[in-house]
Amino acid sequence: MNLPNKLTLFRIFLVLPFIVFLSFSVLSIKYNKNIFSAENSKIDVSILIAGVIFAIAMLTDFIDGQIARRSNQVTSFGKLFDPLADKIITTTALVFLSVVGIVPFYITLIFLIRDLIVDGIRKVAIKNNVSFSAGKLGKIKTMIMSLSILSIFFIIPFIDFEMNLLVPS
């Protein structure tokens with residue numbers, strides 16, 4: 001297994017700690033107690049840690065793509081799992097942001113439906129030996145979405161923002 005594919009797998013494995021720290025953040029909102037913060041601090045450290053994990057995941061996405069293209073290590077595994085890894089972590093982030101009331105659910109739903117359609121088309125294309133790599137617009141969309149999500153993760157803890165959980169108490 002080459003380095004770009006290992007980075008893709010690493011990104012998939014990052015989803016688990018990402019979910020754990022997002023869950024801690026939801027619990028801190030639900031019980032009004034910051035689990036990882038100092039006694040009187042209003043800063044939710046768990047959401048900052050989740051933001052760092054998200055940043056690492058997106059950085060490895062950029063790095064594995066650069067390495068794969070420059071060293072001619074593009075593989076069928078990478079073509080299938082690299083975009084899937086991105087979708088898993090960005091969809092997880094969007095669902096979290098919807099659950100805490102920052103991003104409306106319909107926005108998350110639009111991205112989810114779009115990703116399912118594109119991934120379905122990609123799988124059919126790969127199965128039929130048709131080249132279906134990400135175009136410039138897709139890469140720009142991913143970059144803008146990733147930077148937007150990242151900025152939210154790093155801004156939320158420092159502003160006085162009332163997050164309202166959309167889950168039962």
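Source: prediction; values computed, not measured.

*Asks:* I'm lost on the overall build of the protein in this one. Help?
*Replies:* Across its full length, the protein carries five helices and zero strands. Listed N to C, the secondary structure of the protein is α-α-α-α-α in terms of helices and strands. When burial is assessed residue by residue, the protein has 38% of its 169 residues classed as buried. If you take every contact in the protein between residues at least 6 apart in sequence, the share linking residues at least 24 apart comes to 78%. Just so you have it, the protein exposes about 10100 Å², and 69% of that area is on carbon and sulfur atoms.

*Asks:* Just checking my understanding: could you explain the packing of aromatic side chains for this structure?
*Replies:* A complete count under the given rule lists six aromatic pairs for this structure. Consider the rings of Phe 21 and Phe 24, whose centres lie 5.9 Å apart with planes at 70°: the pair is edge-to-face. A residue pair is termed a helical-turn pair when its members lie 3 or 4 positions apart in one helix, as Phe 21 and Phe 24 do in helix H1 (residues 3–30) at three residues. In this structure Phe 24 comes out as partly exposed when scored by relative accessible area, which is 26%. Taken together, the ring pairs connect Phe 18, Phe 54, Phe 96 and Phe 153 into an aromatic cluster.

*Asks:* I would appreciate a short explanation of a nonpolar patch on the surface in the present structure.
*Replies:* A cluster of nonpolar residues, Leu 109, Leu 112, Ile 113, Leu 116, Ile 117 and Ile 121, forms a patch on the protein surface that exposes about 550 Å² of accessible area. Positionally, Ile 113 belongs in helix H4 (residues 105–127).

*Asks:* I would appreciate a short explanation of the environment of Val 118 in the present structure.
*Replies:* Looking at the element boundaries, Val 118 is found in helix H4. Separated by 35 residues in the primary sequence, Val 118 and Pro 83 have C-alpha atoms spaced 10.0 Å apart.

*Asks:* In this structure, what is going on with the side chain of Asp 64? I would like to understand it.
*Replies:* As for its position among the elements, Asp 64 is in helix H2 (residues 45–70). A relative accessible area of 3% places Asp 64 in the buried class. Separated by 3.0 Å, the side chains of Asp 64 and Thr 8 make a polar contact.

*Asks:* Explain the packing of H1 against H2 to me, please; I cannot follow it from the model alone.
*Replies:* Packed helix pairs are characterised by how far apart their axes lie and by the angle those axes make with each other. Where H1 meets H2, the axes come as close as 9 Å, and the angle between the chain directions of the two elements is 165°. Overall, the two elements H1 and H2 adopt an arrangement that is roughly antiparallel. At the point where H1 passes H2, the crossing takes the left-handed sense. Classifying every residue of the contact of H1 with H2 gives 21 nonpolar, four polar and three charged.

*Asks:* How should I be thinking about the nonpolar core in this particular structure?
*Replies:* Looking at soluble globular proteins, one finds that nonpolar side chains tend to be buried together. Ranked by internal contacts, the top residues of the largest apolar core, which has 24 residues, are Phe 18, Phe 54, Ile 89, Phe 96, Leu 97, Ile 149 and Phe 153. For this core, the secondary-structure elements that each account for two or more residues are H1, H2, helix H3 (76–99) and helix H5 (136–155).

*Asks:* Is there a simple way to explain H5 in this structure?
*Replies:* For the α-helix, the turn length of 3.6 residues means that residues three or four positions removed from each other point alike. Given a rise of 1.5 Å per residue, 20 residues ought to cover 28 Å, and the 28 Å separating the end C-alpha atoms of H5 matches this to within 8%. Turning to H5, its buried residues number three or more, namely Lys 141, Thr 142, Met 145, Ser 146, Ile 149, Leu 150 and Phe 153. For H5, the angular spread of the buried residues around the axis is 155°, confining them to a single face. Of the exposed residues in H5, the ones pointing more than 90 degrees away from its buried face are Lys 136, Leu 137 and Leu 147. Buried residues along H5 sit against H1, H2, H3 and H4.

*Asks:* Could you clarify how one ought to interpret H1 in this entry?
*Replies:* With 28 residues, H1 should cover 40 Å at 1.5 Å per step; its first-to-last C-alpha distance of 40 Å lies within 8% of that length. Taking the backbone nitrogen of Asn 5 as reference, a side-chain oxygen 2.9 Å away marks Asn 2 as the first, capping residue of H1. Backbone geometry just downstream of H1 places Asn 32 in the positive-phi region, at approximately 55°.

*Asks:* Explanation requested: the confidence of the model for the protein in the structure shown.
*Replies:* Detailed reading of the predicted coordinates is not advisable wherever pLDDT is low. Here the protein averages 84 in pLDDT, while 86% of its residues score no lower than 70. Of all helices and strands in the protein, the one with the weakest mean pLDDT is H4 (86), whereas H2 scores best (92).

Basis of the calculations
Residues numbered from 1 in each chain as written. Predicted model: local features only at pLDDT ≥ 70, side-chain atom pairs only at ≥ 80, totals over all residues. Heavy atoms only, no water. Helix = DSSP H or I, 4+ residues; strand = E, 2+ residues; numbered from the N terminus. Buried < 20%, exposed > 50% of the residue type's maximum accessible area, 1.4 Å probe, protein only. Contact = heavy atoms within 4.5 Å. Areas by Shrake-Rupley, 256 points an atom, 1.4 Å probe, with all protein chains shown as cover. Phe/Tyr/Trp six-rings, centres within 6.5 Å; stacked < 30°, edge-to-face > 60°. Patch = residues over 30% accessible without salt bridge, like charges linked within 9 Å, V, L, I, M, F, W, Y side chains within 5 Å. Salt bridge = Lys/Arg side-chain N within 4 Å of Asp/Glu carboxyl O. Polar contact = N/O pair within 3.5 Å; in protein donor to acceptor, adjacent residues only side chain to side chain. Axes fitted to C-alpha atoms, helices over the stretch in contact; angles between N-to-C directions. Parallel < 35°, antiparallel > 145°, perpendicular 65-115°, else oblique. Left-handed = near helix turned anticlockwise from the far one by under 90°. Nonpolar A, V, L, I, M, F, W, Y, C, P; charged D, E, K, R; others polar. Core = buried A, V, L, I, M, F, W, Y, C linked by side-chain atoms within 4.5 Å. Expected span 1.5 Å × (residues − 1). Arc of directions from axis to C-beta. pLDDT = per-residue confidence, 0-100.

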